[in-house]
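# Structural description and commentary
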Amino acid sequence: MRLLRIAALVAACSAIVNATVTSLDTKGSFVEELIIKPLNDGKVLLHFEFTMHEAAAARNGSLHSYNLLPRQIGEIAWRYDLNELRLAFTQGSWRESWWGYAPTASHGVGAEILARIEGSAGASSHQWTGLANALSGVFCASLNFVGDENTDVPLMSFVSESGSNSSTLRRSYLPRENVCTENLTPWIKQLPCQSKSGIGMLLNPHRLYNMHFHSMAVSLDSATDPSGSGSRVLRYKQLLSVVLDPLAFGLRNSSWSLSELMDRRVGAACPVASRSVIQVAAPDVGLHIAPQPDSSNKVAGRLVHTFDMQKRNIDDIAFSFEPGTRSTYEITLPAIAAHRYVTGQGGSSGGVESIIVNRRAVPITVTYLDTLPWYLRVYSHTLVVNSESEGAPALVLRPSKSIFTPAIDRGRPSSMELELKLPPNSRTILRYDFDKGFLRYTEHPPDANRGFSIAPAVVSYRLTTTNSTDDQPLLCTINATQPQKSKECTVHLYTEQFLASLPTPDFSMPYNVVSISCTILALFFGRVFNLLTRDFVVLEK
Amino acid sequence: MSLVLSGQGEKTSPALRVARKYSAYLSYPLAVAGIAWLLLLPYSELFWRRTYFSENAMLPGQADPCFGNEHHLAAMDRMDAALSTSLREGSVGQQRAAAVAEVFSEFGLDTEVQTIVYDEVPGVGQHQGTNVHGILRAPRSDSVEALVIAAAWTTADNQTNINAVRVMAALAQFASEQVYWAKDIIFVVTDAGEIGMEQWLRAYHGHHTQSPLYVRSGIIQAALSLELPPAKTYQSMGLYVEGKVGQLPNLDMVNMVQHVSRIEQLPANLHGMVDESRRASVWRKYLHSAQLLLRHVRSQAFGSLVGVHAPFLRYRIDALTLSGIAKINDPVAQLAQQQRELFLTEPVITPMLTQRTVNSIGRSCERALRSLNNLLEHFHQSFFFYILPANRKYISIGGYIPAAGLMVGSLLLQAMHLWWMQGPPELRSSDPRTRIERINKYYLLLRRTIPNSMGIILRVHLLGLVLLALPMILPHAVLTNTTSTAYLFTVALASISMVLHITDTYWTEAARPMVEWRQLKALIELYVAATIACLSVMNFSLAAVLFAVAGLPLVLTRACEAGSRAQKAAGIILLLLASPVCTMTLGRNVALGLHPLDFTSSPFRMFLADFHHFSSLVYPLVCLIYWPVNILCMIIVLMP
């Protein structure tokens with residue numbers, strides 16, 4: 001009798017499991033990809049991309065059941081009416097003059113959170129802070145510092161692919177946020193196979209943080225169902241780009257293997273993945289890969305080798321470079337380079353000088369977004385945009401569109417968005433001045449004498465994959481091979497941060513006073529207390 | 001008002017009465033005490049304290065150095081090769097810079113060559129220079145902060161500084177292999193010395209210049225300049241810290257560099273002066289320290305004479321220069337010396353330093369860079385105002401500023417006393433019956449004499465203003481060495497004729513004094529005291545020097561009321577000896593080791609150039625305070 005019951009239970013359980021597995025096939029999909037690109041100066045770019053598609057939970061229901069999408073993300077999207085979310089943590093700067101285009105948006109150092117929330121700007125304000133708090137819990141990051149005083153509402157720079165008018169885009173940048181394992185661990189946990197199998201097995205924190213560039217991002221938006229049903233589903237992407245130097249691990253620049261580089265081996269593909277591939281964007285000559293790739297094709301003038309992990313187990317990939325060929329690699333410098341520097345010295349005033357270089361022989365329209373905190377009081381009348389081309393006199397460039405948002409003290413940052421049509425082969429220099437505000441002493445960070453980190457400016461421009469051959473960011477090129485991905489590529493280029501040194505009070509002085517007075521008080525109190533509580537008696541012999 | 005009238009026997013506060021009673025006797029002792037205080041500074045027992053690290057984040061000397069493997073030394077050979085090919089091609093400046101840029105970019109640095117054009121003094125002596133720099137981007141940061149290693153192609157005493165460029169190449173190679181940098185490292189080489197570095201800094205900080213920089217990094221937190229003259233080995237290093245307008249780097253930075261260089265067996269001594277041994281007599285120690293302090297005062301007051309670190313300090317960047325000191329019998333140094341004497345120019349490529357020396361210098365720099373890299377904030381913990389009387393000893397501002405207070409006090413007390421003593425003696429009787437009459441007389445005196453006194457003061461200062469402004473207004477005044485001397489003598493003659501004119505106008509009618517010399521002197525002393533007081537907080541050395549050349553003669557000057565012509569003549573001669581032309585020419589010639597009466601090159605030109613390029617205070621102070629006060633003293637001496 002008892003046995004029978006157990007048997008029935010087991011049967012029921014297996015039926016449920018079966019049902020789950022089948023529903024998994026129909027309701028969601030998971031794609032894992034790794035792109036390896038040897039860089040010109042001997043370093044290696046690894047770009048991990050994990051994509052999940054899942055039908056969104058019903059708006060009116062409170063029951064959340066997801067197959068692949070992490071439930072915490074689904075709940076956040078549902079609770080805060082998210083249309084789109086992007087969150088990136090970055091360390092190190094992408095050196096475009098050596099490495100070419102960045103794999104993703106070359107996020108600046110720090111944390112950037114960008115969300116499109118349903119509802120008007122006023123109505124969704126508390127949802128925005130709620131979202132930041134929720135994400136700070138999920139990713140163990142100090143995103144709770146996001147508030148109105150460091151949130152801007154860009155109108156031109158981040159145009160969504162499926163933009164709806166009913167939503168408001170908000171963006172906040174925390175330049176002081178550092179990325180570390182504590183952020184990576186929850187990020188890995190969200191993967192369906194975590195780091196137990198598939199490409200996720202390579203995620204070795206010891207190697208990922210001994211790097212020259214590291215950018216960890218998630219993005220959530222809606223897309224058409226890749227399985228072909230045509231319905232809108234949630235798309236959740238987890239991205240990790242890291243530039244490693246083989247020399248730093250005691251390897252040689254000329255020959256190394258993936259397992260040596262990451263100190264881990266790839267196992268079998270993740271069982272729930274519908275696609276798991278490792279792609280190698282190789283230079284035309286001088287690179288030997290073992291084992292042989294499953295397929296090699298030329299994408300927009302670039303050779304891409306593909307290893308399909310579902311066809312066979314890829315244990316390791318060995319790279320060896322023919323000596324002397326590396327210096328002959330040609331990199332295509334990105335069409336636009338942008339740098340921003342702080343000018344002036346001293347604690348009262350300063351300025352910003354941004355240099356945007358157009359390296360192409362065609363004019364390119366870019367959007368320049370610069371958001372400065374309120375304590376840098378920008379004088380917009382001092383804005384000068386000069387453009388100089390080789391062999392031509394410098395000319396004053398007029399922005400074709402410009403949006404200025406003045407700052408409110410402790411309420412809103414100042415932001416400027418300019419649409420500039422850069423002349424061909426030109427260097428455009430934007431200059432403007434600011435005064436440095438005087439802060440309350442509690443508003444200074446603990447390391448006040450370091451200065452305030454100011455978030456980078458963003459230069460956005462569009463590239464269409466059809467017009468030129470190899471003038472594309474890596475991902476746009478690889479995306480172009482897949483029919484369902486977009487043909488147009490918006491590049492967001494982040495400039496450097498800068499440090500604004502504000503007038504700093506002598507913080508140690510109150511501390512000295514407090515510690516001295518406390519010491520005196522303690523000594524005095526001890527003596528007096530001792531005297532008061534001691535009972536003096538005459539000893540008798 | 002009571003202060004003005006208290007000399008006239010009015011009822012005043014007790015403090016003023018005390019001041020009135022003793023001011024006559026106190027001003028000379030105070031001046032003597034001020035000077036004595038200065039003379040006590042080199043005595044080790046009183047004000048000296050041991051230096052210590054305030055900034056704990058630096059952790060100097062905690063990491064094992066890894067500079068010095070064959071890659072790093074090969075980088076020096078690579079630099080040599082690039083330089084020698086560029087030199088074969090003929091010209092120096094541009095090619096040399098291009099070669100350095102090429103080598104730097106091989107090591108993965110972002111490089112840029114800057115061509116600058118500058119006037120030596122306003123409107124005169126156009127020169128062209130080339131700066132080249134390479135930026136090693138810190139792998140994990142975003143070009144937010146930077147450290148600078150700087151060098152000029154020639155050292156301050158005109159030797160080739162190629163060793164520094166070589167060491168920079170090795171350092172660049174070494175640093176590009178490390179991943180722990182949190183700050184970018186910028187390697188700058190200039191061929192126009194301090195002015196070239198100043199132009200580079202101007203461009204770096206976005207000031208409008210004709211030659212802007214496009215490859216930049218973030219805020220520069222500290223700079224280290226290297227001067228490595230040709231030699232085989234160095235016995236020690238010299239450490240030079242004084243900035244162009246008297247600014248000093250944070251004491252922590254000086255400590256740190258001394259600390260790490262001592263670890264590497266190549267100690268960095270202030271101004272290259274090795275400490276006396278412990279068992280030396282007190283007097284020897286005193287003399288040694290006094291010598292060091294004098295060098296310090298000279299560098300601080302007139303702008304650093306060694307190293308390209310000086311311009312950095314103006315931009316709130318802590319900086320210093322490390323300079324190699326060759327052994328006396330060093331063969332390479334001797335050879336370079338001989339070649340310099342024979343050919344006037346020496347070959348640019350000189351033999352390499354020994355590997356051991358390169359390692360010591362490189363590791364010192366590595367340790368220093370790592371300590372600076374550890375800094376979380378801008379230097380702020382330790383002193384910015386200090387005097388260094390010996391290696392690893394300092395005198396804080398609390399120790400030396402009383403000397404300035406005493407000097408200023410002596411000027412002020414004398415001014416007060418003279419103010420009360422002005423006018424005929426009957427004004428100072430204490431007879432209550434004549435009170436109203438006395439006050440009326442007193443005001444009459446003030447009304448008659450003050451405009452005249454002020455007139456004299458203003459006229460003399462106008463002359464100083466002309467001296468200050470003429471080189472700027474006349475941009476093509478050919479200020480060559482000889483003509484500027486001539487210009488100086490013209491101004492000197494003009495000033496003497498003015499002295500004679502003023503004395504003629506105002507003292508012909510001796511019976512009715514139109515100017516009261518006590519009043520005149522009191523007014524001058526007031527603003528001299530104010531100037532010295534302000535200056536002593538910013539640049540103590542300059543304040544002390546100004547007191548010595550202008551304040552002290554002023555305190556001692558008095559009208560020879562019943563004196564003979566001989567006395568007057570002696571006074572004038574003494575004042576002429578203390579006049580700017582005399583002191584500056586003598587001082588400069590002694591400092592540069594020239595013949596003391598060599599008038600061929602004018603010291604004014606040097607100060608004018610510093611004023612033009614670095615807004616140095618010396619030239620305006622000479623024109624607006626020192627010279628006018630000297631002339632006014634002569635006027636006072638000539639009063640009947």
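Provided above is the structure to which this section pertains.
Residues numbered from 1 in each chain as written. Chains lettered and ligands numbered in written order. Predicted model: local features only at pLDDT ≥ 70, side-chain atom pairs only at ≥ 80, totals over all residues. Heavy atoms only, no water.

Listed as interface residues are 32 residues of chain A and, on the opposing side, 30 residues of chain B. Approximately 2,700 Å² of surface area, both sides summed, lies buried where chain A meets chain B, with 49% of it carried by carbon and sulfur atoms. Looking at the side of chain A facing chain B, the largest losses of area belong to A:Tyr341, A:Gln345 and A:Asn449, adding up to 21% of the total buried there. On inspection of chain A and its partner chain B, the count reaches three salt bridges. Of the charged contacts, one joins A:Arg95 and B:Asp110 as a salt bridge, the two residues approaching to 3.2 Å between their closest N and O atoms. Counting the contacts that link chain A with chain B gives 16 residue pairs in polar contact (both at pLDDT 80 or more). Mapped onto the side of chain A that touches chain B, the elements with two or more residues apiece are α3 (96–99), β15 (336–343), β16 (349–358) and β22 (426–436) of chain A. Looking at the side of chain A that touches chain B residue by residue, the classes come out as 11 nonpolar, 13 polar and eight charged. (Contact = heavy atoms within 4.5 Å. Buried area = accessible area lost by both parts, 1.4 Å probe. Salt bridge = Lys/Arg side-chain N within 4 Å of Asp/Glu carboxyl O. Polar contact = N/O pair within 3.5 Å; in protein donor to acceptor, adjacent residues only side chain to side chain. Helix = DSSP H or I, 4+ residues; strand = E, 2+ residues; numbered from the N terminus. Nonpolar A, V, L, I, M, F, W, Y, C, P; charged D, E, K, R; others polar.)

A word on the environment of A:Leu422. All names here are of chain A. Turning to its location among the elements, Leu422 is positioned in strand β21 (residues 414–422). Under the relative-accessibility criterion, Leu422 is labelled buried at 0%. For the pair Leu422 and Leu493, spaced 71 residues apart in sequence, the C-alpha to C-alpha distance is 15 Å. Beyond its immediate stretch of four places on either side in the chain, Leu422 contacts Ile336, Ile356, Asn358, Pro363, Ile364, Val366, Leu397 and Thr428. (Buried < 20%, exposed > 50% of the residue type's maximum accessible area, 1.4 Å probe, protein only.)

Residue and element names in this part refer to chain A. Across all of its chains, the model carries one disulfide over all chains by this definition. Between the sulfur of Cys193 and that of Cys270 lies a disulfide, 1.7 Å long from S to S. With the S-S dihedral at roughly 65°, the linkage between Cys193 and Cys270 falls on the right-handed side. You can see Cys193 sitting in the loop between α5 (181–189) and α6 (205–208) and its partner Cys270 sitting in the loop between α7 (258–262) and β10 (275–282), a full 77 residues away along the chain. Given a relative accessible area of 2%, Cys270 falls into the buried group. (Disulfide = S-S within 2.5 Å.)

Another aspect to go through is the sheet that holds β15(A). All names here are of chain A. Spatially, β15-β16-β22-β18-β19 is the arrangement adopted by the five strands of the open sheet, whose pairing is antiparallel. Edge strands, defined here as strands with exactly one partner in the open sheet, are β15 and β19 (395–396). As paired elements, strand β18 (residues 376–389) and β22 share 10 bridges and run antiparallel to each other. Looking at the pairing, Arg377 lines up with Asp435 of β22. (Pairing = 2+ DSSP bridges.)

Let us now look at unusual backbone geometry. That bond from A:Ala290 to A:Pro291 is cis: its omega, -5°, falls within 30 degrees of zero. Within the fold, A:Pro291 resides in the loop between β11 (287–290) and β12 (295–299). Positive phi outside glycine occurs at B:Arg316, with the angle close to 60°. Topologically, B:Arg316 is positioned in the loop between α9 (310–314) and β9 (318–326). Overall, B:Arg316 belongs to the partly exposed group, its relative accessible area being 45%.

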